[in-house]
4 protein chains.
Amino acid sequence: MPITPEQRAEIDRQRAVETPTRRATVAALEDILYEPVPVLDHGFVRVVDYMGDDSAVVQAARVSYGKGTRKVTEDAGLIKYLMRHRHSTPFEMCEIKFHVKLPIFVARQWIRHRTANVNEYSARYSILDREFYIPAPDQLGAQAVVNRQGRGDVLQGEEAARVLALLRADAEQCYAHYEEMLNLREDGTTLDEGRQGLARELARMNLPLNFYTQWYWKVDLHNLLHFLSLRADTHAQYEIRVYAEAMLDIVRRWVPAVFDAFSEYRMGGAHLSRSGLAVVKRLLAGEAVAQEGSGLSKREWRELMESLGRDA
Amino acid sequence: MPITPEQRAEIDRQRAVETPTRRATVAALEDILYEPVPVLDHGFVRVVDYMGDDSAVVQAARVSYGKGTRKVTEDAGLIKYLMRHRHSTPFEMCEIKFHVKLPIFVARQWIRHRTANVNEYSARYSILDREFYIPAPDQLGAQAVVNRQGRGDVLQGEEAARVLALLRADAEQCYAHYEEMLNLREDGTTLDEGRQGLARELARMNLPLNFYTQWYWKVDLHNLLHFLSLRADTHAQYEIRVYAEAMLDIVRRWVPAVFDAFSEYRMGGAHLSRSGLAVVKRLLAGEAVAQEGSGLSKREWRELMESLGRDA
Amino acid sequence: MPITPEQRAEIDRQRAVETPTRRATVAALEDILYEPVPVLDHGFVRVVDYMGDDSAVVQAARVSYGKGTRKVTEDAGLIKYLMRHRHSTPFEMCEIKFHVKLPIFVARQWIRHRTANVNEYSARYSILDREFYIPAPDQLGAQAVVNRQGRGDVLQGEEAARVLALLRADAEQCYAHYEEMLNLREDGTTLDEGRQGLARELARMNLPLNFYTQWYWKVDLHNLLHFLSLRADTHAQYEIRVYAEAMLDIVRRWVPAVFDAFSEYRMGGAHLSRSGLAVVKRLLAGEAVAQEGSGLSKREWRELMESLGRDA
Amino acid sequence: MPITPEQRAEIDRQRAVETPTRRATVAALEDILYEPVPVLDHGFVRVVDYMGDDSAVVQAARVSYGKGTRKVTEDAGLIKYLMRHRHSTPFEMCEIKFHVKLPIFVARQWIRHRTANVNEYSARYSILDREFYIPAPDQLGAQAVVNRQGRGDVLQGEEAARVLALLRADAEQCYAHYEEMLNLREDGTTLDEGRQGLARELARMNLPLNFYTQWYWKVDLHNLLHFLSLRADTHAQYEIRVYAEAMLDIVRRWVPAVFDAFSEYRMGGAHLSRSGLAVVKRLLAGEAVAQEGSGLSKREWRELMESLGRDA
């Protein structure tokens, strides 16, 4: 369970209050507002605020005085046009704020996306919880051989068991020593009245990178989609991809027309290089083309054939 | 009147609709939502959307599960603490979106603030209105002598009349030729069926910098305050300062506790340089200090004495 | 001639001085350092400083202690890999600084790219030169009918002559009145001792958007390539595209391996949408596919067929 | 020793090569180019490239055709003027690139400054070294009581010894298990041919936050000074402050006039709040002022009196 009963009660209290607003409102997003969507073993992502909807994109593109909407189909058409021609600024006119709980090593990848606002829980100021990420057995990938930054087969048997045991034991021990250095228990009570306790800003350095942190993360829709196009991709590490997938689902609720355009023009489809396009033209002309002489490397050739649904 | 009856009706239609939301809502801002606040002779600024309130700053600073509020006074205290110690990230958690109509030369200053999202009315695509800025007579400042980028006395009599006449006549003539080149009237009808009309993206180059443009401008609270601290300052050009002042008033409605902290720690007060601080210490010790030997230039000395309320 | 003899002499003086450095140096870029490349009738772009070269990209990708280079071919391979997989951060490790002279309406498009540093010549502080852009006759495009923001046929005969005459006369007149309001000639001498002269920050508003301004513009290589991919594109307005093309040529001199990768994976090639990819697969399977039922709009179909070199 | 003999040799090779350039060059920075400045027990910061010098700031402020320099004293005067009036864009025209080796918990604070370019060593791709930070005994601060995010007295005797022993033992054990999970030794050789080894992107999560990482970090001078004003401040955590101090020294070598202006107008001096300024005025008028009724909190009062050199 990623949240405590007290946190659950705070969330319920906040969900119970509704006030009228003149702003654009999205019912499907209000439904899940503040609700944590569980990710990994102790993490979550939840929407804590949002600004705008599909028609806010249209409104900004037209710099209009009113809602910007004429008909839903017309709006969807304009949104597709904007996405297709990479007119990104109207998509910057929607904004969303998430509260995310995530392992520190995931947070370190995530933060490389700089065009967002972040407030992270401070371990200089507060004590971190005894919560750390342990991969599910089917995620214990071996080091990939071809792709130096990916995973291969899933580890089995004794090797898998040993990995899980080491991860768990080291996390437990490091946390116990963290408490000992702080001279505090997780609940804030003192361990030994005869000691002072190390400063929090120092003690935290003993915690491994699989410990959970949390932050408020606020981003505009254009930059969110860019983040998702990279992190919901199959090349992304599994542990960040599951967050991206949860957020994609939130985008689908929030701005369905933008989500459709994004699926059509960004996530689906394929980018052909100059040489790749030349190969496709020759194939369409009925020529037999082989990797040699195509101008493509073996890997590029294989990936092109895959995306075209042909045998490499 | 900066807006047309059709625009007025669109705004009224949008103001008439209220829907319930679970998000933070600010009644004082809802009151003026979508309403244009007139600025200069044809311009305006109006709020078209917002995210967050005073307590959203607190919520982010605490990375909290609930509203982040305990008591209003406690929240105000934390907000003052954050402002005072330049913890800027919690202020980035509020966002506001404006629709602004402004002269092009003002837009060119404004856009130098890069950490905002902008969608401007496109003169490649659409025809600009026949609306241009003519200063009020009491704003016709002569070139300042000391400050090379400021204004001195207000021009009087014939010189003033001549300036106003020139500005108006050139704007009228350039717009008339803009229509002629486009082969279109302002209302979109064709002037001469026998001509093709110059491309909009070219014809617009004939318009002077006092013509009005408009845009949607979206910014987080931290960057908005930074913008206002520079543009509501007495050193800013009058024509942008009046926009900043209108927006300051909007900030006061939106996030009153943040506005108070901003007034106390940013807009009020004074920054002392290293040498300026040394002068103040010597004065407090009862020493007689003169500009010579103070380490301050004459201008710095004068400004320090002014801010301390003493004769230079 | 876009520059004066005095400016020419300043540039020559600066080009004459060479000092030794331990930094990465690019001979082909040093050759043209400080030299204005003419663009449009009075504009230019010139490189005033740069940081890094092809191998700086490699060095950063490897976080290496030395030069990062092993062999040139190996470096080029890694650069292609990075470009292909959209690993953009290593390209941010090169930086270039341009001095650009350009019409104000071009500057207004250009500045929408926010991830760059800019210092523009201040018309609050200084007097603008009597220099304005007049299109060459073969650039006087009529308004396009299909594409609402493009150009169609070139205007001919009387209509063309009239456009050129209007643009020129209005620019001349507005500048003359600018001088009169300032009570200054272009060379800084006073017109009439009996008048004060309007403040510069006000008088400038009488100048049309085809007047030239200038700025220093500094950008990293990744963001420069993004700018060029949009502005060297055929959809960009001609008057900014010519600047982008001049800068592409500079990139080719500066970082030839990056330029090649950019040509292969960004500028060349084509992006297929999800539906477009499905069409290509069906065509490759020997199916006859028509626009109806393809999931593509007529315009998308036409553009896809064009990029595949087939009749629409 | 933070670097290996191989790294030392690579650095020496790079330092040995000088080529002529027409760009601005700073001899005092060339002297230390590529040289690691040791920080903490295994870290360093070293300059790997730079763009511009003091006169580049002046050149940009004037948008000049030549060097922008008239006389050194005149340049220094303009730089002081720009710093004092917060004209930040000319300072963005200088750029510097550092290679930094630093503990992960320091990297996590550092990365919050978003306006910089970063390439970090990838533990998805490569194996981290067995290097971790252990505080020097005089840095083992106890948790501060008043300031919840600071340090108090230095721990002594048995408590200090125990902390150091725990930090060291946990780091050693976690690294040993990291190697075991990877099935690799630090030198890349395989431990047990019968095992596959866990993917690097997973195994790294077992390392504590005091392990060292490294990155290339590139930033413009304005944003660097902003970073330094926050991180070279006494409120910053010691472990990041020592990096900031090393970089301040580098700034002093690189752009001495900017460094002086920064010391005078940013690092030295004091910011008075609105209420603080009112207190100073009353004191200067000879009034006796006490904290009560001053509008200042006790903490603000104490800090104001301290900065004025008076007893609280």
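What you see is a predicted model, and the numbers here were worked out from it, not measured in a lab.

Here we take up the overall build of chain A. When its secondary structure is counted, chain A shows twelve helices and nine strands. Principal-axis analysis of the C-alpha atoms places the extent of chain A at approximately 85 × 60 × 30 Å. Burial analysis of chain A (312 residues in total) assigns 46% to the buried set. Long-range contacts, defined here as pairs at least 24 residues apart, represent 64% of the contacts in chain A between residues at least 6 apart.

Moving on to unusual backbone geometry. The phi angle at A:Tyr34 is positive, at roughly 75°, despite the residue not being glycine. With respect to the secondary-structure elements, A:Tyr34 resides in the loop between helix H2 (27-30) and strand S2 (37-39). Its identity is not glycine, yet C:Leu40 carries a phi of approximately 55°, on the positive side. With respect to the helices, strands and loops of the structure, C:Leu40 is situated in the loop between strand S2 (37-39) and strand S3 (43-51). Under the C-beta neighbour-count criterion, C:Leu40 is labelled buried, with 22 such atoms within 10 Å.

Mapping chain A onto chain D calls for a rotation angle of 180° and an axial translation of 0.0 Å; the resulting RMSD is 0.0 Å. On the angle and the small slide along the axis, the relation comes out as a two-fold axis. For chain A, the residue whose C-alpha comes nearest the rotation axis is A:Pro208, separated from it by 1.8 Å. Most of the interface of chain A is mirrored in chain D, where 100% of its interface residues are also at the interface.

Further remarks concern the domain arrangement of chain A. According to the domain assignment, chain A contains domain 1 (1-133 + 211-269), domain 2 (134-209) and domain 3 (274-307). Computed over C-alpha atoms, the centres of domain 1 of chain A and domain 3 of chain A are 38 Å apart.

Our focus in this paragraph is the relation of the copies chain A and chain C. At an RMSD of 0.0 Å, chain A and chain C line up after a rotation of 180° and a shift of 0.0 Å along the axis. Taken together, the interface assignments show that 100% of the residues at the interface of chain A recur at the interface of chain C, consistent with an identical surface on both copies.

Residues D:Gly276, D:Val279 and D:Val280 constitute the buried set of helix H11 (residues 274-284) of chain D. Looking straight down H11(D), one finds that the buried residues subtend no more than 100° of arc, so they occupy a single side. Looking at the packing, one finds that the buried side of H11(D) touches helix H11 (274-284) of chain B together with strand S9 (270-272) and helix H12 (298-307) of chain D. D:Gly286 occupies a position one or two residues after H11(D) and carries a positive phi of about 90°.

Reports of interface size often rely on the accessible area that becomes lost once the parts have come together. At the interface, 20 residues of chain A touch 20 residues of chain C. Counting residues per element, the ones that place at least two in the side of chain A that touches chain C are helix H10 (256-267), strand S9 (270-272) and helix H11 (274-284) of chain A. At eight residues, H11(A) tops the list of elements feeding residues into the side of chain A that touches chain C. Note: S9(A) against strand S9 (residues 270-272) of chain C, three bridges, orientation antiparallel. For A:Ala270, the partnering residue across the bridge sits in S9(C) and is C:Leu272.

Our next topic: the sheet that holds strand S2 (residues 37-39) of chain D. All names here are of chain D. Read from one edge of the open sheet, five strands run S2-S3-S4-S8-S5, paired in antiparallel fashion. Two strands bound the open sheet, and with one partner strand each, they are S2 and strand S5 (117-120). Averaged over all pairs of adjacent strands, the angle between strand axes in this sheet comes to 25°, irrespective of strand direction. Pairing analysis gives three bridges linking S2 to strand S3 (residues 43-51), with the strands arranged antiparallel. What sits directly across from Pro38, in S3, is Phe44. The strands touched by helix H9 (residues 238-254) within the sheet are S2, S3 and strand S4 (95-103), with S3 carrying the most contacts at an inclination of about 35°.

Attention shifts here to the packing of helix H8 (residues 221-231) of chain A against helix H9 (residues 238-254) of chain A. Residues and elements named next belong to chain A. It is the contact of H8 with H9, at a shortest axis distance of 9 Å, that shows an interaxial angle of 135°. What the angle tells us is that H8 and H9 run oblique. The hand of the H8/H9 crossing is left-handed. Contacts between H8 and H9 involve Leu224, Leu228 and Arg231 from the first element and Ile240, Arg241, Ala244, Met247, Leu248 and Val251 from the second.

Across the contact, 45 residues belong to chain A and 45 residues belong to chain D. The set of elements that each furnish at least two residues to the side of chain A that touches chain D consists of strand S6 (141-143), strand S7 (151-154), helix H6 (157-182) and helix H7 (200-203) of chain A. For the side of chain A that touches chain D, the class distribution of residues is 22 nonpolar, eleven polar and twelve charged.

What follows concerns the sheet that holds strand S3 (residues 43-51) of chain A. All names here are of chain A. What the five strands build is an open sheet, ordered S2-S3-S4-S8-S5; its pairing is antiparallel. Every other strand in the sheet has two partners, leaving S2 and strand S5 (117-120) as the edge strands with one partner each. Across this sheet, the average inter-strand angle for adjacent strands is 25°, counted without regard to direction. Packed onto the sheet, H8 meets strand S4 (95-103) and strand S8 (212-220) and runs at close to 125° relative to S8.

Within the fold, C:Asp249 resides in helix H9 (residues 238-254). Overall, the presence of 14 C-beta atoms within 10 Å leaves C:Asp249 in the partly exposed class.

Residue and element names in this part refer to chain B. Closest axis-to-axis distance for the helix H8 (residues 221-231)/helix H10 (residues 256-267) pair is 12 Å, and the angle between their directions is 45°. Here H10 runs oblique to H8, going by the angle between their axes. Read as a crossing pair, H8 and H10 show a hand that is right-handed. On H10, the residues that touch Leu221, Leu225 and Ser229 of H8 are Val258, Phe262, Arg266 and Met267. When its residues are assigned to classes, the contact of H8 with H10 shows five nonpolar, one polar and one charged.

Before going further, it helps to spend a moment on the environment of B:Ala28. Along the polypeptide, B:Ala28 turns up in helix H2 (residues 27-30). When the C-alpha positions of B:Ala28 and B:Trp254 are compared, they lie 6.7 Å apart, and in sequence the two are 226 residues distant.

Next up on the list: the pairing of strand S8 (residues 212-220) of chain B. All names here are of chain B. Across the nine residues that make up S8, a large majority, nine, are buried. Residues Tyr212, Gln214, Tyr216, Lys218 and Asp220 point to one face of S8 and Thr213, Trp215, Trp217 and Val219 to the other, with burial holding for every one of them. Pairing geometry for strand S4 (residues 95-103) and S8, over nine bridges, is antiparallel. Across the sheet, Ile96 pairs through a bridge with Val219, a residue of S8. Pairing analysis gives four bridges linking strand S5 (residues 117-120) to S8, with the strands arranged antiparallel. Paired with Val118 across the bridge in S8 is Trp217.

Conventions and cut-offs
Residues numbered from 1 in each chain as written. Chains lettered and ligands numbered in written order. Predicted model: local features only at pLDDT ≥ 70, side-chain atom pairs only at ≥ 80, totals over all residues. Helix = DSSP H or I, 4+ residues; strand = E, 2+ residues; numbered from the N terminus. Buried ≥ 20, exposed ≤ 12 C-beta atoms within 10 Å, placed from the backbone. Contact = placed C-beta atoms within 7 Å. Least-squares fit on C-alpha atoms with pLDDT ≥ 70 in both. Domains from an automatic or database assignment. Arc of directions from axis to C-beta. Pairing = 2+ DSSP bridges. Axes fitted to C-alpha atoms, helices over the stretch in contact; angles between N-to-C directions. Parallel < 35°, antiparallel > 145°, perpendicular 65-115°, else oblique. Left-handed = near helix turned anticlockwise from the far one by under 90°. Nonpolar A, V, L, I, M, F, W, Y, C, P; charged D, E, K, R; others polar.

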